[in-house]
Amino acid sequence: MSSVEVVIRESVAADRQSLMALMIELQDFERQFADRALPDRAFAAWYIDRLSRVVEENEGSILVATKDGIPCGFVAGFPEEEPELRDWYFYVAELVVSESDRSRGIGRRLLLAMEDAARARGLKRMGIGVLAGSDRVHRLYMTLGYRDYAISLRKELP
């Protein structure tokens, strides 16, 4: 970043509109990799409210990156059970940075901050998904030490 300081903090209720705008940007970006409904405010409101509820119910976190006090990215996640290992890991459900702020290290900082939050809960593993074809995002995760773990397949039924 230039001289503008990025601050990462816990999300507060007043962030809702900004999180909605970021979610619309993410959905628009992801349309190049997967069929998605056109993102709009109604979808974003539903999704952010749902995400906030799931995070709260599972004792997770939503961290927000801000520039000059304005949210420019967020990461959301929560502990999730992995029955096959009889253990828990921290699942990152969403990571988004505004289009104008991508490739400036903000996503990396958000993910590292979430790793710290997971460690504080005593968890020793993280999980995150990436859409097939989203190579730049996949590379970011790989540079941070994440490795491919499972492949999820989808089929449209007639």
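Residues numbered from 1 in each chain as written. Predicted model: local features only at pLDDT ≥ 70, side-chain atom pairs only at ≥ 80, totals over all residues. Heavy atoms only, no water.

### Brief notes about the layout of surface pockets
- The computed volume of the second largest pocket comes to approximately 200 Å³.
- Lining the second largest pocket are 15 residues, with Ser11, Val12, Leu19, Ser52 and Ile62 sitting closest to its centre.
- Elements with a minimum of two residues in the lining of the second largest pocket: α1 (16-30), α2 (41-57) and β2 (61-67).
- Sorting elements by how many residues they give to the lining of the second largest pocket places α2 first, with 5 residues.
- Taken together, the residues that form the lining of the second largest pocket break down as 6 nonpolar, 4 polar and 5 charged. (1 Å grid on protein atoms, 1.4 Å probe; cavity = no way out; pocket = protein on both sides within 12 Å on 5 of 7 lines; lining within 4 Å. Points joined across faces, edges and corners; volume = space filled by probe spheres on them. Helix = DSSP H or I, 4+ residues; strand = E, 2+ residues; numbered from the N terminus. Nonpolar A, V, L, I, M, F, W, Y, C, P; charged D, E, K, R; others polar.)

### Examining the nonpolar core
- Core analysis: the largest hydrophobic core is formed by 19 residues, its most contacted members being Ala65, Val75, Leu95, Ile106, Leu110, Leu111 and Met114.
- With 6 residues, helix α3 (residues 106-120) is the largest single contributor of residues to this core.
- Other than its neighbours up to four places away in sequence, leucine 95 contacts Leu26, Phe74, Val75, Gly107, Leu110, Leu111 and Tyr141. (Core = buried A, V, L, I, M, F, W, Y, C linked by side-chain atoms within 4.5 Å. Buried < 20%, exposed > 50% of the residue type's maximum accessible area, 1.4 Å probe, protein only. Contact = heavy atoms within 4.5 Å.)

### Some words on the side chain of aspartate 15
- Among the structural elements, aspartate 15 can be located in the loop between β1 (6-10) and α1.
- Apart from residues lying up to four places away in sequence, aspartate 15 is in contact with Arg9, Glu10, Val64 and Pro71.

### Description of the pairing of strand β4 (residues 87-97)
- Two strands pair when backbone bridges link them, and strand β3 (residues 70-82) and β4 are joined in this way by 10 bridges, in the antiparallel orientation. Bridging across to β4, glutamate 81 finds its partner in tryptophan 88.
- Remark: 4 residues form the turn of the hairpin made by β3 and β4, two consecutive strands paired antiparallel; arginine 86 in that turn has positive phi of roughly 50°.
- Two elements, β4 and strand β5 (residues 126-128), share 3 bridges in a ladder whose sense is parallel. Note that in β5 the partner of tyrosine 91 across the bridge is glycine 127.
- The parallel pair β4 and β5 is bridged by α3, and the resulting crossover is right-handed. (Pairing = 2+ DSSP bridges. Right-handed = clockwise from strand over helix to strand, strands pointing away.)

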